[in-house]
Amino acid sequence: MSAGKPARAWQRMLSGRRLDLLDPSPLDVEIADIAHGLARVARWNGQTRGDHAFSVAQHCLVVEEIFRRCNGDDRPSCLTALLHDAPEYVIGDMISPFKSVVGGGYKTVEHRLEAAIHLRFGLPPHASRDLKAAIKKADTIAAYFEATELAGFSTAEARKFFGQPRGITRDMLPIEPMPALEAQRLFLRRFEELDAERQAGPSA
């Protein structure tokens, strides 16, 4: 890179949008780009069993399913749960041990992207403390089942790191790894179901 030339800080999406990572605009966020990207990002750094990678898109579907079963069918809250890892369509899925190494810079970028994504779809920039805690609980339950079913953890090891899930069982969850196109399709379909009320606007 030549001296004095600023580094490129935007990514071109398949939709044609250019998303600035330093100052992301809601206007440059498209759900098709999110679904496409998340369906091609592997959870657990790809260290999972099965013929297909277990994608972040599929993980988001599992988390939203758990969240809805535990907290009810409030559409905005469920949509927030579905989008809880949406920034990873740009920054990828960084495993927790590596986040500890990288430090705060990662979280800053993630925080900005989260705000842009939420605003794009009519949600508050960031979830309330209570909603965030409820989504985190669903995320941890999902991690337990992913760890034991896909990532090679023993039950005792998973219980140590993620706790013992209560009220949720394996058979309730779409956890069998699926092809990227299928995960993308199901993520988009669930988004459209949850977003339908916002798209309809206020009733006459």
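The structure presented is a predicted model; accordingly, all values stated were derived computationally and were not measured.

### Remarks on helix 2 (residues 56–71)
1) Next: Helix length check: helix 2 (16 residues) gives 22 Å between terminal C-alpha atoms against 22 Å at 1.5 Å per residue, within 8%.
2) Next: Regarding helix 2, the residues found buried are Val 56, Ala 57, Gln 58, His 59, Cys 60, Leu 61, Val 62, Val 63, Glu 64, Glu 65, Ile 66 and Phe 67.
3) Next: Downstream of helix 2 by one or two residues, Gly 72 has phi in the positive range, about 95 degrees.

### Side note on the packing of helix 2 against helix 3 (residues 75–82)
1) Next: The N-to-C vectors of helix 2 and helix 3 enclose an angle of 150 degrees; their axes lie 8 Å apart at closest approach. In the crossing of helix 2 with helix 3, the sense of the turn from one axis to the other is right-handed. Contacts between helix 2 and helix 3 involve Cys 60, Leu 61, Val 63, Glu 64, Phe 67 and Arg 68 from the first element and Ser 77, Cys 78, Ala 81 and Leu 82 from the second.
2) Next: Across the contact of helix 2 with helix 3, the residue classes tally to seven nonpolar, one polar and two charged.

### A short note on unusual backbone geometry
1) Next: If you check the backbone angles, Trp 44 has positive phi at about 55 degrees while not being a glycine.
2) Next: With respect to the helices, strands and loops of the structure, Trp 44 is situated in the loop between helix 1 (31–38) and helix 2.
3) Next: For Trp 44, a relative accessible area of 18% gives the class buried.
4) Next: For Asn 45, which is not glycine, the phi dihedral falls at a positive 55 degrees.
5) Next: Examined against the element boundaries, Asn 45 turns out to sit in the loop between helix 1 and helix 2.
6) Next: Relative accessible area serves as the criterion here: at 51%, Asn 45 is assigned to the exposed category.

### Brief notes about the packing of aromatic side chains
1) Next: Under the counting rule described, the total for this entry stands at seven aromatic pairs.
2) Next: A centroid spacing of 5.6 Å and a plane angle of 65 degrees characterise the contact between Trp 44 and Phe 153, whose relative ring orientation is edge-to-face. Taken together, the positions of Trp 44 in the loop between helix 1 and helix 2 and Phe 153 in the loop between helix 7 (129–149) and helix 8 (155–162) put the pair 109 residues apart, joining distant regions of the chain.
3) Next: On the basis of an interplanar angle of 70 degrees and a centroid distance of 4.9 Å, the ring pair of Phe 121 and Phe 191 is categorised as edge-to-face. In this pair, Phe 121 is assigned in the loop between helix 6 (104–120) and helix 7 and Phe 191 in helix 9 (residues 180–200), connecting sequence segments 70 residues apart. Of the two residues, Phe 121 and Phe 191, neither departs from the other in class, the shared state being buried.
4) Next: Among the aromatic residues, those joined into a cluster by ring pairs are Trp 44, Phe 153, Phe 161 and Phe 162.
5) Next: In this structure, Arg 18 is placed above the aromatic ring of Trp 10, and the distance from its NZ or CZ to the ring centre is 4.2 Å.

### What to know about the pattern of salt bridges
1) Next: Evaluation of the coordinates by the stated rule reveals 14 salt bridges.
2) Next: Notably, a salt bridge pairs Asp 139 with Lys 136, separated by 4.0 Å at the nearest N-O pair. You can see Asp 139 and its partner Lys 136 sitting in helix 7, three residues apart, about one turn around the helix.
3) Next: Across the pair Arg 190 and Glu 193 runs a salt bridge whose closest N-O atoms are separated by 2.9 Å.

### Observations concerning the layout of surface pockets
Empty space among the atoms becomes visible once a probe the size of a water molecule is rolled across them.
1) Next: Put simply, the second largest pocket is a space of about 160 Å³.
2) Next: Along its surface, the second largest pocket is lined by Leu 61, Glu 64, Glu 65, Arg 68, Pro 174, Leu 186, Arg 189, Arg 190 and Glu 193.
3) Next: Elements with a minimum of two residues in the lining of the second largest pocket: helix 2 and helix 9.
4) Next: Looking at side-chain class alone, the lining of the second largest pocket contains three nonpolar, no polar and six charged residues.

Calculation criteria
Residues numbered from 1 in each chain as written. Predicted model: local features only at pLDDT ≥ 70, side-chain atom pairs only at ≥ 80, totals over all residues. Heavy atoms only, no water. Helix = DSSP H or I, 4+ residues; strand = E, 2+ residues; numbered from the N terminus. Expected span 1.5 Å × (residues − 1). Buried < 20%, exposed > 50% of the residue type's maximum accessible area, 1.4 Å probe, protein only. Axes fitted to C-alpha atoms, helices over the stretch in contact; angles between N-to-C directions. Left-handed = near helix turned anticlockwise from the far one by under 90°. Contact = heavy atoms within 4.5 Å. Nonpolar A, V, L, I, M, F, W, Y, C, P; charged D, E, K, R; others polar. Phe/Tyr/Trp six-rings, centres within 6.5 Å; stacked < 30°, edge-to-face > 60°. Lys NZ or Arg CZ within 6 Å of the ring centre and 35° of its normal. Salt bridge = Lys/Arg side-chain N within 4 Å of Asp/Glu carboxyl O. 1 Å grid on protein atoms, 1.4 Å probe; cavity = no way out; pocket = protein on both sides within 12 Å on 5 of 7 lines; lining within 4 Å. Points joined across faces, edges and corners; volume = space filled by probe spheres on them.

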